[in-house]
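A closer look at the structure
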Protein chains: 2
Amino acid sequence: MNQPEHQQPRVLDYVDRELEPSLGRLFELLRIPSISTDPEFAGDCRRAARLLADELADLGFSSRVADTEGHPMVVAHHEGRGPHILFYGHYDVQPVDPLDLWRRDPFDPVIEERGDGSRYIVGRGASDDKGQLRTFVEACRAWKETTGELPCSVTIFLEGEEESASPSLDPFLRANRDELAADFALICDTTMWDRDTPALTMGLRGTAAGEVRIKAAARDLHSGLYGGPARNPIQLLCEILASLKDADGRVTLDGFYDGVGPVPEEMKASWARLGFDEEAFLGEVGLSEPAGERGQPVLDQCWARPTADINGISGGYTGDGFKTVIPSEAFAKLSFRLVGEQDPKKVWASFERHVRDRLPADCTATFWERGGSRAISLDSDSDEVRSVRSALRAEWGTEAALLGCGGSIPVVHSIREILGLESVLVGFALNDDQIHSPNEKYELKSFHKGIRSWVRILGELGGTRVHQSAGETEPAL
Amino acid sequence: MNQPEHQQPRVLDYVDRELEPSLGRLFELLRIPSISTDPEFAGDCRRAARLLADELADLGFSSRVADTEGHPMVVAHHEGRGPHILFYGHYDVQPVDPLDLWRRDPFDPVIEERGDGSRYIVGRGASDDKGQLRTFVEACRAWKETTGELPCSVTIFLEGEEESASPSLDPFLRANRDELAADFALICDTTMWDRDTPALTMGLRGTAAGEVRIKAAARDLHSGLYGGPARNPIQLLCEILASLKDADGRVTLDGFYDGVGPVPEEMKASWARLGFDEEAFLGEVGLSEPAGERGQPVLDQCWARPTADINGISGGYTGDGFKTVIPSEAFAKLSFRLVGEQDPKKVWASFERHVRDRLPADCTATFWERGGSRAISLDSDSDEVRSVRSALRAEWGTEAALLGCGGSIPVVHSIREILGLESVLVGFALNDDQIHSPNEKYELKSFHKGIRSWVRILGELGGTRVHQSAGETEPAL
């Protein structure tokens, strides 16, 4: 049997040569509207799972679509020589509203080209996470088709509820702990630093999230008859939500900052080297003023500071025209981004108390806690992280950045707590991919070099030697 | 020719005898979903206008459906002996959402009966204003069918945009000033004091209303990537709307209380005699604490104090499930109830300034001013008011109450300013009719005795004598 480092050039050639069919398989997946949060699309979620499981079976994996109380999981195993990797991705996508801001049908993907010749794939899920998970699957395909084997033992585990709070994830991990055993996890749901600099994401904010609904009168009232004495639940909700932040942008919930520590000096230094451009970051989305905690740098506001975000609000008459109504109720959906040791349950409980403390006697509040996750900090000093950094350096010709991340990937926490595995987070998305927004896209370069990166990472993890670039070899790490 | 006071008993008998067909004609009108604020129902608005115009033509009126830039007007004339009355009502209705709170189809009216045998008509528009305008039309029918004539010259003027800001009303009044000339106006769009006490409404609050839309980022953002530094327009909108009132429930807009005077002592004394039960008034709609200006009695909060009411709010993701989005925009619809000499244009302009003063540099606000009207105080000492009070006393056996009203009837202002006519506001609705809400109803007693009241009012205005009740006569006033 050849060592991976000798076979790798052939595998990378295969990736380059077979890029078009790889894209075809991505498009097939993107055409399935697997929106997990809306029950209407449950059949599409199952269809996406089925497609992936069948494809992995064709590649020689022993694969199954595993039912849950929600959308199914895909679990697929393949033996290999090296360590046992658990790869995680998710096949579900975000809703597509507001639909009128899309340039085309979100589920009819297309490749568009810029003036500079760079190309990108447009469609819901192109980046988050269908395009990303496909980079790994296509890397496995390249190894298999070229060498007949994989350099590592691989378990691919794909979820269908990541965009809707993953209600089935933890129960599934608990019930299938043995089947999902591995040496460590690879997760592909994060970004590069910029289009030329790959990155490992070393920290993730956690979340606490849910909905509050405030009810005042027993029915909608005419503001002519009742305007004045009747409590307006929209006004009350606005007052309560406005009170969530003080004049310095700090969250006012009792105990909210318990467990929030300063950013470690080493991390601050590493971020300083990134040359982050606050103005450009905000300017790209049409903003010019940081709105977070006064005195905190924008990168800290994104990666290292907790927030309270109102994600949706509704009450009264919101259609065309006008209705002089005082509605009986109003609601808001909101989420908190958490860092350090903040406890999601305590934060949500503090929010509930904050609301209840401000309720007049004749109003009621009902809460729906969506669940949450703690923040995560990953170990930058493990063997697998060093291998991954080496492989990325070889593919991209530059050192991978070590990033924080403002978002949550609760699965990292679940994999640690339930399966006892550390995760390495590598992804090829860009910050301007407009995930969760209209016209989501994924760079063709991300897709292509993402596949190549995974080919190298698998080779490096499985073979102990790295082929840095054509004609060069690297000493073993 | 007989004097009206001799013919009136026969006319009242006709009303009693013909109540069932009268109800049938009301139901026919209620079945038309003439929702003026939603363009989808424009055809239904026209159908309602046509039905009324045709019916008035059959009654001997010279009637027409008059086109406007919006929904059409109905104008119908009939000569008579006495003074010339301009009667105003509106055939359009409010939207029906939330539809799931209706016990049945809002446009499939029905009569329901209570345990005490009292009956009421349920359906959108049953009270506001189809049931009310029908009381007058049926009274004209009763006079015509019984005596072949009307006691007064009558111009019936029915609008189809009252629930959507009456954009065509003023232009139409201006363009048809001569055709609408009369001695005074009668308007039937108000309530009784209680189910046994008829009322004249002597004061109306005005309104200023519109919509504000706040835009922050150029597109929706993922709260994981941008939560912290990105401005959240929902949060901003909540802060701005929360700032509209101080801790005492007073509106904080600059200059808002300019022109707001104290309630005249005579009016306060009259209201005191009404025996208004604050607790019962709020309790009927499930509330227990007055939410208006601290220190003001509830009746004053309803009739004599201005307010700011948020009528609708929307932003971000409000569907099923959850979406961790920071939306690019959020909007609210709101209205101000005005009293005294408050100027709607100045109030709205002050609101716009209030918003603009609180906008960060990278946010924009756009406003849509819906238009408004000043508050109105009517003269309680005119001949026609005395005649109407006398007729109501005869029908109901009790003195009519002289009320304030928290709502707006901008047409009263338009009729005064453009046609130069004073109005008398008499209606038979009840405060618990749930107008603008699900399960709107109109008491059968309101409908029946409302028709009888108008028969007497027309007789009184036309004939100078009142027949108080069967077997009794009253001296001329």
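Residues numbered from 1 in each chain as written. Chains lettered and ligands numbered in written order. Predicted model: local features only at pLDDT ≥ 70, side-chain atom pairs only at ≥ 80, totals over all residues.

What about the nonpolar core?
Formed by 288 residues in total, the largest nonpolar core has its most connected members in A:Leu200, A:Val455, B:Leu200 and B:Val455. Apart from residues no more than four positions distant in its own chain, A:Val455 is found in contact with A:Gln8, A:Val11, A:Leu12, A:Val15, A:Ala139, A:Ala142 and A:Trp143. (Core = buried A, V, L, I, M, F, W, Y, C linked by C-beta atoms within 7 Å. Buried ≥ 20, exposed ≤ 12 C-beta atoms within 10 Å, placed from the backbone. Contact = placed C-beta atoms within 7 Å.)

Some points on the sheet that holds strand β4 (residues 110-113) of chain B
Residues and elements named next belong to chain B. With antiparallel pairing, the 3 strands of this open sheet are ordered in space as β4-β5-β19. Either end of the sheet is taken by a strand with one partner, and the two such strands are β4 and β19 (441-443). Going across the sheet, the axis of each strand differs from the next one's by a mean of 30°, ignoring polarity. The sheet contacts of helix α14 (residues 444-463) involve β4, β5 (119-122) and β19, and relative to β19 the element is tilted by about 55°. (Pairing = 2+ DSSP bridges. Helix = DSSP H or I, 4+ residues; strand = E, 2+ residues; numbered from the N terminus. Axes fitted to C-alpha atoms, helices over the stretch in contact; angles between N-to-C directions.)

Structural notes on the sheet that holds strand β10 (residues 206-215) of chain B
Strand order in the open sheet formed by 8 strands is β15(A)-β10(A)-β14(A)-β12(A)-β12(B)-β14(B)-β10(B)-β15(B), and the pairing between neighbours is antiparallel. For this open sheet the edge positions go to β15 (364-373) of chain A together with β15 (364-373) of chain B, each flanked by a neighbour on one side alone. Strand after strand, the sheet turns through a mean of 20° between neighbouring axes, direction not considered. Packing of helix α7 (residues 233-242) of chain B onto the sheet brings it into contact with β12 (307-316) of chain A together with β10, β12 (307-316) and β14 (329-338) of chain B, and relative to β14(B) it is tilted by some 15°.

With respect to unusual backbone geometry
Between A:Asp128 and the following residue, A:Asp129, the backbone shows a cis peptide bond with an omega angle of 5°. Within the fold, A:Asp129 resides in the loop between β5 (119-122) and α4 (130-147). Phi angles above zero are rare outside glycine, and A:Ser166 is one such case at about 50°. Following the sequence through the fold, A:Ser166 ends up in the loop between β6 (153-159) and α5 (169-175). Non-glycine residue B:Ala165 carries a positive phi angle of around 80°. Topologically, B:Ala165 is positioned in the loop between β6 (153-159) and α5 (169-175).

Notes on the packing of helix α12 (residues 383-396) of chain A against helix α14 (residues 444-463) of chain A
All names here are of chain A. Across the interface, α12 lies against α14 with an axial gap of 8 Å and an inter-helix angle of 135°. As far as their axial angle goes, α14 and α12 are oblique. In this structure, α12 crosses over α14, and the sense of that crossing is right-handed. Side by side, α12 and α14 meet where Glu384, Ser387, Val388, Ser390, Ala391, Leu392, Ala394 and Glu395 of the first sit next to Lys449, Arg452, Ser453, Arg456, Ile457, Glu460 and Leu461 of the second. When the residues that make up the contact of α12 with α14 are grouped by side-chain class, the tally is 6 nonpolar, 3 polar and 6 charged. (Parallel < 35°, antiparallel > 145°, perpendicular 65-115°, else oblique. Left-handed = near helix turned anticlockwise from the far one by under 90°. Nonpolar A, V, L, I, M, F, W, Y, C, P; charged D, E, K, R; others polar.)

What to know about helix α4 (residues 130-147) of chain B
Residue and element names in this part refer to chain B. Over its 18 residues, α4 runs 25 Å from end to end, which matches the ideal 26 Å to within 8%, given 1.5 Å per residue. Among the 18 residues in α4, 14 count as buried, and that is most of the element. Looking one or two residues past α4, Gly148 carries a phi angle of roughly 80°, positive in sign. (Expected span 1.5 Å × (residues − 1).)

Focus on the domain arrangement of chain A
All names here are of chain A. As assigned here, chain A comprises domain 1 (4-204 + 375-463) and domain 2 (206-260 + 306-373). Taking only C-alpha atoms into account, the centre of domain 1 sits 36 Å from that of domain 2. Counting residues at the interface gives 6 residues for domain 1, matched by 10 residues for domain 2. Residue composition of the side of domain 1 that touches domain 2, by class: 3 nonpolar, 3 polar and no charged. (Domains from an automatic or database assignment.)

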